[in-house]
Amino acid sequence: MGAPARAPRTGRRSAAAAACLGCCLLAACGGGIWIGFGDGEGDGRKPSVGLAAAAGPVAAGGTLAVAAAAADADGIDEVAFYRRDGGRWVFLGADRQAPYEWTVPVPADGRTTLEVFARATDRSGAQADSAIVVVAVRA
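Our subject in this report is the structure included herewith. On a predicted model such as this, the values are computed, not experimentally measured, just so you know.

## So, the sheet that holds strand S1 (residues 48–53)
Line of reasoning, step 1. Pairing is antiparallel in the open sheet, where three strands are placed in the order S1-S3-S6. The open sheet terminates on both sides in strands that have one partner only, identified here as S1 and strand S6 (100–105). Between one strand and the next, the sheet's axes are offset by a mean angle of 25°, whatever the strand orientation.

Here it is, written out as structure tokens:
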């Protein structure tokens, strides 16, 4: 008796193999690839974020070190830092890796307080702001 007859191959398996091979080749040559599953909406919740700074007064023209704690089930993409200048909030910069820290320049413009806050963005794009931290400025 001979070997049993094989069933003919369908195109489904070979198409999947070709797609996988294409992805592997793209990744191997330095190209990027991202494969995701789900609806792309994340967990639907905003991240949590808190901001801490030194309690004492800071010198005008100096700097203030701040640190943010941020967490989310989707992971944190970045924490951005803001300072109030006049009646508007000014973006200072963002940290994309924990620990989330920033050095805030303290203007020497006669202000008596410095106000800062942090904005956390999770990997699904949801954002949340910390409470505003107010620090006294000495001349």
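## With respect to the nonpolar core
Line of reasoning, step 1. Core analysis: the largest hydrophobic core is formed by 21 residues, its most contacted members being Leu-51, Leu-64, Ala-68, Val-79 and Phe-81.
Line of reasoning, step 2. If you list the elements that add at least two residues to this core, you get S1, strand S3 (63–71), strand S4 (76–85), S6, strand S7 (113–122) and strand S9 (133–138).
Line of reasoning, step 3. Setting aside its immediate chain neighbours within four residues, Leu-64 contacts Ala-53, Ala-54, Val-58, Trp-102, Thr-103, Val-104, Val-106, Leu-114 and Val-135.

## Let's talk about the pairing of S3
Line of reasoning, step 1. With burial as the criterion, only one face of S3 is covered, namely that bearing Leu-64, Val-66, Ala-68 and Ala-70; the residues Thr-63, Ala-65, Ala-67, Ala-69 and Ala-71 on the opposite face remain uncovered.
Line of reasoning, step 2. Sheet topology places S1 next to S3; six bridges connect them, and they run antiparallel. The residue of S3 that forms the bridge with Gly-50 is Ala-69.
Line of reasoning, step 3. Bridge count between S3 and S6: six bridges; the pairing is antiparallel. From the neighbouring strand, Leu-64 faces S6, where its bridge partner is Val-104.

## What about the packing of aromatic side chains?
Line of reasoning, step 1. Here the structure, examined in full by the defined rule, presents four aromatic pairs.
Line of reasoning, step 2. For the pair Phe-81 and Trp-102, a centre-to-centre distance of 6.0 Å together with 20° between the ring planes defines the contact as stacked. Placement of Phe-81 in strand S4 and of Trp-102 in strand S6 is noted, with a sequence separation of 21 residues between them.
Line of reasoning, step 3. A residue is classified by how much of its surface remains accessible, and Phe-81, at 1% relative accessible area, is buried.
Line of reasoning, step 4. Both rings, one in Tyr-82 and one in Phe-117, keep their centres 4.9 Å apart while their planes meet at 10°; by these two values the pair is stacked. Residue Tyr-82 is found in strand S4, and its partner Phe-117 is found in strand S7; the two are separated by 35 residues along the sequence.

## Comments concerning the pairing of S7
Line of reasoning, step 1. By the criterion of burial, S7 is predominantly enclosed, with seven of the ten residues buried.
Line of reasoning, step 2. With seven bridges joining them, S4 and S7 adopt antiparallel strand pairing. Note that in S7 the partner of Ile-76 across the bridge is Asp-122.
Line of reasoning, step 3. Two strands pair when backbone bridges link them, and S7 and S9 are joined in this way by four bridges, in the antiparallel orientation. Counterpart to Leu-114 in the pairing with S9 is Val-135.
Line of reasoning, step 4. Of the strand pairs in this sheet, S7 and strand S8 (residues 127–129) are connected by three bridges, and their pairing is antiparallel. Counted as the bridge partner of Thr-121 is Gln-127 from S8.
Line of reasoning, step 5. Linking S7 to S8, which pair antiparallel, is a turn of four residues; within it Gly-125 sits at a positive phi near 95°.

About the criteria used
- Residues numbered from 1 in each chain as written.
- Predicted model: local features only at pLDDT ≥ 70, side-chain atom pairs only at ≥ 80, totals over all residues.
- Heavy atoms only, no water.
- Pairing = 2+ DSSP bridges.
- Helix = DSSP H or I, 4+ residues; strand = E, 2+ residues; numbered from the N terminus.
- Axes fitted to C-alpha atoms, helices over the stretch in contact; angles between N-to-C directions.
- Core = buried A, V, L, I, M, F, W, Y, C linked by side-chain atoms within 4.5 Å.
- Buried < 20%, exposed > 50% of the residue type's maximum accessible area, 1.4 Å probe, protein only.
- Contact = heavy atoms within 4.5 Å.
- Phe/Tyr/Trp six-rings, centres within 6.5 Å; stacked < 30°, edge-to-face > 60°.

This is a description of form; function is not addressed.
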